[in-house]
Protein chains: 2
Amino acid sequence: MTASHRRPTTREVAALAGVSVATVSYVLNGKDGRVGEETRRRVLAAADELGYVRSSSARSLRLRRTERVCLVVGSIGVPAYDQLARDLSAAADEAGYGVMTIVVDSPARADKAVDLLRQHVADGAVVAPSVPLADAQLRALTGSRLPLVVMSNAVAPDGFDVVRTSEAAACVEAFDHLAATGRRRIAYLAHEHELTGRQPSERRDAYLDALDRHGLGPELVVPGADDRVGAYRAVEALLARPDRPDAIFAASDRAAITAILALRDAGLAVPEDVAVVGVGNLEEGRITRPPLTTVGPPAMDFHDVARLLFDRVLADETPFDREITTSWSFIRRGSA
Amino acid sequence: MTASHRRPTTREVAALAGVSVATVSYVLNGKDGRVGEETRRRVLAAADELGYVRSSSARSLRLRRTERVCLVVGSIGVPAYDQLARDLSAAADEAGYGVMTIVVDSPARADKAVDLLRQHVADGAVVAPSVPLADAQLRALTGSRLPLVVMSNAVAPDGFDVVRTSEAAACVEAFDHLAATGRRRIAYLAHEHELTGRQPSERRDAYLDALDRHGLGPELVVPGADDRVGAYRAVEALLARPDRPDAIFAASDRAAITAILALRDAGLAVPEDVAVVGVGNLEEGRITRPPLTTVGPPAMDFHDVARLLFDRVLADETPFDREITTSWSFIRRGSA
DNA sequence: CTGTTAGCGCATTCAG
DNA sequence: CTGAATGCGCTAACAG
């Protein structure tokens, strides 16, 4: 590899191989058949010797296509996103595409992400659940004709596909169960974005509705579902109240699991003294004592999402908008 | 926004505004002062009307620079990576750069990631700890003159900067403490990559060394540190052994925390019956009962890493290789 | 202050 | 089967 200062180009490879750049391109893109075996070998040898690597910008510009897709998530450190990334990567591998992830953990970064996407850094994108993208931003993306799959219950397909969950019904079932088993004071441990975000929260709505329908006390919504430490502190604070709850519905399994620990640490029995329900159906809910009662999908599987995206990305013309619903249910185990 | 089929270009904006493409470029890149106020306004209006968004491929090709950096992680779902992404994003914002993340969770994907990076999809990259990149792959990256910061104790700077930790010494201290407090049968709960990977594990080496120095029994290394469920099952299995350990050193805090739970569930007292030590110094270690004794950095802070990267990325010429060490210590709390 | 123009590196038509 | 020529969309000299 003759180390030159600049990165070598097809032109240099062509020169070294004694052929034209066209031939180099054919060889490098597997369009052989057009090229003689001997020539092909010479080109490959030359490319190798120069340490040639094609420029993705130049290629993308010419092809009007990046052969990359983007996964937009709200943070890393969330178990479900991990599986999502995995499933998307698997689909991308098949299509010969790359995957890049963008983390949007603030409105400012949401703007940056939308900019990047509109500048066509990828040929399509999946927006994970609870990413704080405003409607206007979504429209900006479809406006730039970017193949898009949005995982959200808060939007309807409109130039993009939507993947929703039947979480509302499942949550209702959970709350009805709590009420039916005699819980009178149910606390809701919320994600930060449920309290500050613009998007409505079906979980929380189900909670408020259930309180109403069952004639249960004033609402008791506290933040803390985003991380374990926050959840622990939130539960501690809940227990210090004079009107201590007899049930805790946490907006995430991570928080619910932590709640079980906090309750045990406080000397309370789960579910006898306080029932606990989570959301997400994490594997981890099976190793708690008692096992976690939760609301979620039967399994973490995002192949559908990946398929939706690549259908769009690889389609010749804009396909019809689609909407699929992953079915969630109330999964009763030991904690409620 | 007159929706045309193709995305509008500077040429079209120029035509609509009645100016040249150069002027459009000047305005769009904030090189005003060269451009009259009235003209500037016309250009902006035209761009807005057409819904113009610049093409990142074309710009990158021309600039020979993508204004993006890449974070390479081994999986998402790891707390430390979250902070790393955050700190890197903050630095990127300042420099006007974007951040993309690539998840490398298999050797095959490591190859793909290296390809992407060599094709210059970003102007620089940070490789997070325990990403399975072989030496040859690292060399391939520096060969293509990519600014690189590698977080690893297993490599020396060589065309890239290295961020290492003083974890070996801290682990030694932890094991010495366990031995000094009378633990005779210490189990090591390992990450999968410590068992199958090519790279040596300082933690495990410290363990083996300590057994040796203190004349302690045969080694007892089991996998399970990668996720909580695995850790729980591993500890259960450990406790079922005839030679049940009296101490567990887990390669991650998440596993250590889970170990504490598993031990409690088994009716054992921590640390009386079994001591537990983790690695990482997660916040979460403070809310366990007892609080987790661990080995790790004083705080999760990766500003240094980000600074190293951007120093390289923004430098005019290749700077000297640097190496910084983040100081880890043995943090004794209640579990050992 | 603004326009003309020459590439950045690549893929691809069209001749030969 | 191979080569010359064109342009993807953009920026930055250089002219005016």
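Look up: the structure comes first, before these words.
As the structure is a prediction and not an experimental result, all values here were calculated from the model.

A. Looking closely at the protein's contact with DNA strand C. Around DNA strand C, 30 residues are found, and the nearest of them are Y52 and R62 of chain A together with G36, T39 and R64 of chain B. Interatomic distance of 2.4 Å between a side-chain N/O atom of T39 of chain B and a phosphate oxygen of DNA strand C. Mapped onto the surface near DNA strand C, the elements with two or more residues apiece are α2 (21-28) and α4 (56-63) of chain A together with α2 (21-28) and α4 (56-63) of chain B. A class-by-class count of the residues in the surface near DNA strand C yields 11 nonpolar, 11 polar and 8 charged.

B. Quick look at the packing of helix α8 (residues 167-180) of chain A against helix α10 (residues 202-213) of chain A. Residues and elements named next belong to chain A. Following both chains from N to C, one finds α8 and α10 inclined at 40°, their axes separated by 9 Å at the closest point. Helix-helix and strand crossings are classified by hand; for α8 and α10 the assignment is right-handed. Listed contacts from α10 to E167, A168, C171, V172, F175 and D176 of α8 are E202, R203, A206, Y207, A210 and R213. Split into classes, the residues belonging to the contact of α8 with α10 amount to 7 nonpolar, no polar and 5 charged.

C. Fine view of the protein's contact with DNA strand D. Not every one of the 30 residues close to DNA strand D is listed here, only the nearest: T39 and R64 of chain A together with T10, Y52 and R62 of chain B. When atoms of DNA strand D within 4 Å of the protein are sorted by moiety, sugar and phosphate together comprise 66%. Between T10 of chain B and DNA strand D, the recorded distance is 2.5 Å, taken from a backbone N or O atom to a phosphate oxygen. Within the side chain of S25 of chain B, one N or O atom sits 3.3 Å away from a phosphate oxygen of DNA strand D. Only α2 and α4 of chain A together with α2 and α4 of chain B provide two or more residues apiece to the surface near DNA strand D. The biggest single contributor to the surface near DNA strand D is α4 of chain B, with 4 residues. Split into classes, the residues belonging to the surface near DNA strand D amount to 10 nonpolar, 11 polar and 9 charged.

D. Quick peek at the environment of F330 of chain A. All names here are of chain A. The residue F330 is located in strand β12 (residues 329-331) in this model. Sequence separation between F330 and A251 is 79 residues; the distance between their C-alpha atoms is 13 Å. Look past the residues within four positions of F330 in its chain and what remains in contact with it is A170, E173, A174, H177, V277, T293, T294 and V295.

E. Representation of the pattern of salt bridges within the structure. Enumeration according to the criterion identifies 53 salt bridges over all chains in this entry. The closest approach of N and O atoms between R185 of chain A and D243 of chain A, which form a salt bridge, is 2.7 Å. Here D243 of chain A lies in the loop between α11 (228-240) and β8 (247-250) and R185 of chain A lies in the loop between α8 and β6 (186-190), a separation of 58 residues in the sequence. The exposure class of D243 of chain A is partly exposed, given its relative accessible area of 28%. Note that R233 of chain A is salt-bridged to E236 of chain A, the shortest N-O span being 3.7 Å. Here the residue R233 of chain A and the residue E236 of chain A both occupy positions in helix α11, the gap between them amounting to 3 residues, near one helical turn. One salt-bridge network, in which partners are shared between bridges, spans D82, R86 and D93 of chain A together with D105, R109 and K112 of chain B.

F. Structural context of the relation of the copies chain B and chain A. Rotating chain B by 180° and translating it 0.1 Å along the rotation axis places it on chain A, where the RMSD comes to 0.1 Å. Taken together, these values place the two copies in the relation of a two-fold axis. Ranked by how close their C-alpha atoms come to the rotation axis, the residues of chain B are headed by G77 of chain B, at 1.9 Å.

G. Geometry of the sheet that holds β12 of chain A. Residue and element names in this part refer to chain A. The strand order β7-β6-β8-β9-β10-β12 describes an open sheet built from 6 strands, whose pairing is mixed. Bordering the open sheet on either side are β7 (221-223) and β12, each of which pairs with just one other strand. Across the sheet, the mean angle separating the axes of adjacent strands is 20° when strand polarity is ignored. Lying over the sheet, helix α12 (residues 253-265) contacts β6, β8, β9 (275-279) and β10 (293-296), oriented at roughly 160° with respect to β9.

H. Expanded view of the sheet that holds strand β12 (residues 329-331) of chain B. All names here are of chain B. Judged by pairing direction, the sheet is mixed, and its 6 strands sit side by side in the order β7-β6-β8-β9-β10-β12 without closing on themselves. The open sheet terminates on both sides in strands that have one partner only, identified here as β7 (221-223) and β12. Ignoring which end each strand starts from, the neighbouring axes of this sheet average 20° apart. Sheet topology places strand β10 (residues 293-296) next to β12; 3 bridges connect them, and they run antiparallel. Looking across to β12, one finds that V295 is bridged to F330. Strands in contact with helix α8 (residues 167-180) are β6 (186-190), β8 (247-250), β9 (275-279), β10 and β12; relative to β12, the strand with the most contacts, it is inclined by about 40°. Sitting on the sheet, helix α10 (residues 202-213) is in contact with β6, β7 and β9, with an inclination near 165° to β6.

I. Broad picture of the interface of chain B and chain A. Contact residues are listed per partner, giving 53 residues for chain B and 53 residues for chain A. Taking both sides of the interface into account, the surface hidden between chain B and chain A amounts to around 4900 Å²; carbon and sulfur atoms contribute 53%. Considering only the surface of chain B that becomes buried against chain A, I76, Q119 and I287 of chain B emerge as the three largest contributors, covering 14% of it. The interface formed by chain B and chain A holds 11 salt bridges in total. R86 of chain A serves as the salt-bridge partner of D105 of chain B, at 3.4 Å between the closest nitrogen and oxygen. Connecting chain B to chain A are 17 residue pairs in polar contact (both at pLDDT 80 or more). Elements with a contribution of two residues or more to the side of chain B that touches chain A: α4, α5 (79-95), β2 (98-103), α6 (107-118), α11 (228-240) and α12 (253-265) of chain B. Looking at the side of chain B that touches chain A element by element, the count peaks at 7 residues for α5 of chain B.

J. Broad picture of the nonpolar core. Counting residues in each nonpolar core, the largest one holds 99 residues, and the members touching the most others are L148 of chain A together with L148 of chain B. Apart from residues lying up to four places away in sequence, L148 of chain B is in contact with A125, V127, L138, L141, T142, F160, D161 and R312 of chain B.

K. Structural context of unusual backbone geometry. Residues and elements named next belong to chain A. Cis rather than trans, the peptide bond between V270 and P271 has omega equal to 5°. Locating P271 in the fold gives a position in the loop between α12 and β9. With an omega dihedral of -10°, the bond running from R289 to P290 counts as a cis peptide bond. Looking at the element boundaries, P290 is found in the loop between β9 and β10. Here R64, not a glycine, exhibits a phi torsion of approximately 55°, which is positive.

L. Inspection of the packing of aromatic side chains at higher detail. What the rule picks out here adds up to 10 aromatic pairs over all chains. Ring geometry for F175 of chain A against Y207 of chain A: centres 5.6 Å apart, planes inclined by 50°, an arrangement best described as tilted. With F175 of chain A in helix α8 and Y207 of chain A in helix α10, this pair connects stretches of sequence that are 32 residues apart. Owing to a relative accessible area of 0%, Y207 of chain A belongs among the buried residues under this scheme. Ring plane angle 40° and centroid distance 5.4 Å describe the contact between Y188 of chain B and Y207 of chain B, whose orientation is recorded as tilted. With a gap of 19 residues between them, Y188 of chain B in strand β6 and Y207 of chain B in helix α10 connect regions that are remote in the sequence.

Here is what the cut-offs are and how they apply
- Residues numbered from 1 in each chain as written.
- Chains lettered and ligands numbered in written order.
- Predicted model: local features only at pLDDT ≥ 70, side-chain atom pairs only at ≥ 80, totals over all residues.
- Heavy atoms only, no water.
- Near = heavy atom within 4 Å.
- Polar contact = N/O pair within 3.5 Å; in protein donor to acceptor, adjacent residues only side chain to side chain.
- Helix = DSSP H or I, 4+ residues; strand = E, 2+ residues; numbered from the N terminus.
- Nonpolar A, V, L, I, M, F, W, Y, C, P; charged D, E, K, R; others polar.
- Axes fitted to C-alpha atoms, helices over the stretch in contact; angles between N-to-C directions.
- Left-handed = near helix turned anticlockwise from the far one by under 90°.
- Contact = heavy atoms within 4.5 Å.
- Salt bridge = Lys/Arg side-chain N within 4 Å of Asp/Glu carboxyl O.
- Buried < 20%, exposed > 50% of the residue type's maximum accessible area, 1.4 Å probe, protein only.
- Least-squares fit on C-alpha atoms with pLDDT ≥ 70 in both.
- Pairing = 2+ DSSP bridges.
- Buried area = accessible area lost by both parts, 1.4 Å probe.
- Core = buried A, V, L, I, M, F, W, Y, C linked by side-chain atoms within 4.5 Å.
- Phe/Tyr/Trp six-rings, centres within 6.5 Å; stacked < 30°, edge-to-face > 60°.

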